[in-house]
Amino acid sequence: MSVPPIEPRLDDGLPVLPRRRESALLSRSPVFALLAASVCGWLLWELAPDAQYALASRTPIDLGGPGAYAFERARDNRLVQVRGELAEAVSATVDQTGQARTVGRLAGTNLLVDRPGRGGPPVYEGRLLPAAGRLEYAPVVAAIRARGSALGDTWLVLRDGDRPGDRWLAAVGAGLLLLLLAVNLRALVKSLLD
């Protein structure tokens, strides 16, 4: 003879719903939520300039040409266009891809132009790098100065051919990181309030 299972009942005779089981130890840990939120925040900080550029205007800011440069219009991390001849050009390679590039100073200015290969028309259109992105050009600046260039201490770098629409993956990644950051901050607040 089998015994039927006993269902717990409230005083009114309705069955008691079983307690919702917490999914995992990680979802209850405020330490894990804080760590995950910190990592997401740091990655978002690192990815922010690329994500901002991905969403920037596709209409270039015209910085002019020889004799009529308008560098006061220059904005970091924006698409810009400038005309002029390169002076003191040096060859460089990109570490990740091994792609050959030419970096030269726009004659009479403190603007470096980083362009693929050599030659081409003297019209450059691309991303004006933010200050953090310009730091990796310090060895190139040293090589240009070694050639006797009067390149000043405050120099800019235009990466020719780098367009805002080319960086859509950075914007998607930043969106996912924002979502993960929000989920982890919510979990942190919930675990601290419980």
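It should be noted that the structure appears before, not after, this text.
Below: a short report on this structure. (Residues numbered from 1 in each chain as written. Predicted model: local features only at pLDDT ≥ 70, side-chain atom pairs only at ≥ 80, totals over all residues. Heavy atoms only, no water.)

Let's talk about the overall build of the chain
For step 1, the next point in the chain: Helix and strand counts for the chain stand at 5 helices and 7 strands.
For step 2, the next point in the chain: Along its sequence from the N terminus, the chain presents helices and strands in the succession α-α-β-β-β-β-β-β-α-α-β-α.
For step 3, the next point in the chain: For the chain, contacts bridging at least 24 residues in sequence account for 60% of all contacts bridging at least 6.
For step 4, the next point in the chain: Surface exposure of the chain reaches about 12700 Å², of which carbon and sulfur atoms provide 61%. (Helix = DSSP H or I, 4+ residues; strand = E, 2+ residues; numbered from the N terminus. Contact = heavy atoms within 4.5 Å. Areas by Shrake-Rupley, 256 points an atom, 1.4 Å probe, with all protein chains shown as cover.)

Quick word on the nonpolar core
Looking at soluble globular proteins, one finds that nonpolar side chains tend to be buried together.
For step 1, the next point in the chain: Among the nonpolar cores identified, the biggest contains 12 residues, and these are Val90, Ala92, Val103, Leu112, Leu129, Tyr137, Val140, Val141, Ile144, Leu151, Trp155 and Val157.
For step 2, the next point in the chain: Contributing elements (two or more residues each) for this core: β3 (86–93) and α4 (138–146).
For step 3, the next point in the chain: The element best represented in this core is α4, accounting for 3 residues.
For step 4, the next point in the chain: Apart from residues no more than four positions distant in its own chain, Val157 is found in contact with Leu111, Leu112, Arg127, Leu128, Leu129, Arg134 and Tyr137.
For step 5, the next point in the chain: Judged by nonpolar contacts, the second largest core, of 10 residues, contains Leu63, Tyr124, Leu128 and Leu158. (Core = buried A, V, L, I, M, F, W, Y, C linked by side-chain atoms within 4.5 Å. Buried < 20%, exposed > 50% of the residue type's maximum accessible area, 1.4 Å probe, protein only.)

Notes on the environment of Asp153
For step 1, the next point in the chain: By secondary structure assignment, the location of Asp153 is in the loop between α4 and β7 (156–160).
For step 2, the next point in the chain: Asp153 sits in the exposed class, given a relative accessible area of 71%.
For step 3, the next point in the chain: The spacing of Asp153 and Asn110 is 43 residues in sequence and 8.4 Å in space, taken between C-alpha atoms.

What about α4?
For step 1, the next point in the chain: For α4, every residue scored as buried is listed here: Val140, Val141 and Ile144. Each buried residue of α4 sits inside an arc of 100 degrees when the element is viewed along its axis, so together they form one side. Projecting away from the buried face of α4 at angles above 90 degrees are the exposed residues Pro139 and Ala146.
For step 2, the next point in the chain: Looking at the buried residues of α4, the elements they touch are β3, β4 (100–106) and β5 (111–116).
For step 3, the next point in the chain: Gly148 sits one or two residues past α4 and shows a positive phi near 95 degrees. (Arc of directions from axis to C-beta.)

Thoughts on the packing of aromatic side chains
For step 1, the next point in the chain: Counted according to the given criterion, the structure contains 1 aromatic pair.
For step 2, the next point in the chain: With 5.3 Å between their ring centres and 20 degrees between their planes, Tyr69 and Phe71 make a pair best called stacked.
For step 3, the next point in the chain: With a relative accessible area of 23%, Tyr69 lands in the partly exposed category.
For step 4, the next point in the chain: A relative accessible area of 27% means that Phe71 is categorised as partly exposed. (Phe/Tyr/Trp six-rings, centres within 6.5 Å; stacked < 30°, edge-to-face > 60°.)

Structural notes on a nonpolar patch on the surface
For step 1, the next point in the chain: Judged by side-chain polarity, Trp168, Leu169, Val172, Leu176, Leu179 and Val183 come together as a nonpolar surface patch covering roughly 640 Å² of accessible area.
For step 2, the next point in the chain: By the secondary structure assignment, Trp168 is in helix α5 (residues 168–193).
For step 3, the next point in the chain: Of the residues examined, Trp168 reaches a relative accessible area of 55% and is grouped as exposed. (Patch = residues over 30% accessible without salt bridge, like charges linked within 9 Å, V, L, I, M, F, W, Y side chains within 5 Å. Salt bridge = Lys/Arg side-chain N within 4 Å of Asp/Glu carboxyl O.)

Quick word on the pairing of strand β6 (residues 123–128)
For step 1, the next point in the chain: Both strand β2 (residues 79–83) and β6 contribute to a ladder of 5 bridges, which runs antiparallel. Within the sheet, the bridge partner assigned to Gln81 lies in β6 and is Glu125. (Pairing = 2+ DSSP bridges.)

So, the pattern of salt bridges
For step 1, the next point in the chain: The full count for this structure, using the stated rule, is 7 salt bridges.
For step 2, the next point in the chain: Each of Arg101, Asp114 and Arg159 takes part in salt bridges that share partners, so that together they form one network.

Nothing here speaks to function; it is all geometry.
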